[in-house]
Amino acid sequence: MNVQQRIVPHLWFDEEAMEAAEFYTAIFPSSNISDIMNLHNTPSGDPEIVSFTLWGYEFMAINGGSIFTMNPAISFMVNFDPFREANAEEMIDDIWEKLSEGGTVLMPFETYPFSKKYGWIQDKYDLSWQLILTDPEGEERPPIIPSFMFVGNNYGKAEEAMEHYLTIFRDGKQGCIARYPDGIDQDETGTIMFSDFNLLGQWFVAMDSGTKQPHHFNEAISFLVKCDTQKEIYYYWHRLTAVPEAEQCGWLKDEFGLSWQIVPQEQDNKMSSHSTPEQRAQVIQAILKMKKVDLEVLREAFYEGEA
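The residue count restarts for each chain, going from 1 along the sequence in the order it is written. Reporting of local features is limited, given that this is a predicted model, to residues whose pLDDT is at least 70; pairs of side-chain atoms are given and counted only at 80 or more, and all residues count toward the totals for whole chains, interfaces and linings. Side-chain metrics rest on all non-hydrogen atoms present in the structure, leaving aside hydrogens and water.

## Some thoughts on the sheet that holds strand β1 (residues 7-13)
Basically, it comes down to this: Here, a strand pair is defined by DSSP locating no fewer than two bridges between the strands. Secondary structure elements follow DSSP: runs of H or I of four or more residues count as helices, runs of E of two or more count as strands, with numbering from the N terminus. Note on geometry: axes are lines fitted to C-alpha atoms, helical ones only across the stretch in contact, with angles between N-to-C directions running from 0 to 180 degrees. Contact definition: two residues touch when any of their heavy atoms are within 4.5 Å.
The strand order β2-β3-β4-β1-β13-β15-β14 describes an open sheet built from seven strands, whose pairing is mixed. The strands lining the two open edges of the sheet, one partner per strand, are β2 (32-38) and β14 (251-253). This sheet shows a mean twist of 25° between the axes of neighbouring strands, independent of strand direction. Inspection of the sheet shows β1 paired to strand β4 (residues 57-63) by four bridges, in the parallel sense. The partner of Trp 12 across the bridge, within β4, is Ile 62. Relative to strand β3 (residues 48-54), helix α1 (residues 17-27) is tilted by about 10°, and along the sheet it contacts β1, β2, β3 and β4.

Below, the structure is given as structure tokens:
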């Protein structure tokens, strides 16, 4: 990516985080596992956290136990652009076949009015992907984009959510927007069929779906926002949090049920990747006592672990 990735998807697995990361990095180009960290004495036991990159896009994954399960309310759109990749058609065929192994097809991989090749798959680890051969004459988008589907009690709120996030995140901008026309039985005219928007230099997709389905946002996929200062932590925390009982350890839920982790960049860099087991343990124990993260308290805990 051309900009530093400030918002990182965080995937919650039972105990397959490393296995899944190895599977994905073997499938997608420009991919690698960048860091593996073990935590101890947490509410989830001794989880392993894996940081990895897929096609230049950062992810994190944790072995957190069977508390949460991923579902298609949040998926990842993968753009295969013939303008960017000369072999885009061969790539999309190959990756679809590999993601399909042990997975569940949500929309068949075939031709649609909006794309020569498109399919929606939930893979064997329950993570959902939308693969699309994009129009090379259209506006360029990055290869991987998180996609939010607003269903059930959230149906019809895609535009409201998009506008909400655009008022919160700096330098936000609206991309394209397409609405459902008349005559679609399950969808109200004018609701969002597809839209995308940019937050902190990163693209996201939002869409409404009136089809009855049990999917909803949950903690299995959250979005980690890296903050430079305590002031920035306060800003995003107070603008996003809407469910007091969900506030813990830097996690929150917004008014649409989407989970976020508001964390200091320093925690991700120095306090995690460049620390001793004793320092990590001190930092984790400090975080477990917090709702909103206090950077100064974390620093104190980190240097206590150094002693």
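## Some remarks on the sheet that holds strand β9 (residues 144-150)
As summarised here, the arrangement of the eight strands in space is β6-β7-β8-β5-β9-β12-β11-β10, forming an open sheet in which the pairing is mixed. Among the strands making up the open sheet, the edge pair consists of β6 (104-112) and β10 (173-179). Across this sheet, the average inter-strand angle for adjacent strands is 20°, counted without regard to direction. Pairing of strand β11 (residues 192-199) with strand β12 (residues 202-208), which is carried by five bridges, proceeds in the antiparallel orientation. When the sheet's bridge partners are listed, Leu 199 is paired in β12 with Gln 202. Along the sheet face, helix α3 (residues 158-168) touches β9, β10, β11 and β12 and points at about 10° away from the line of β11.

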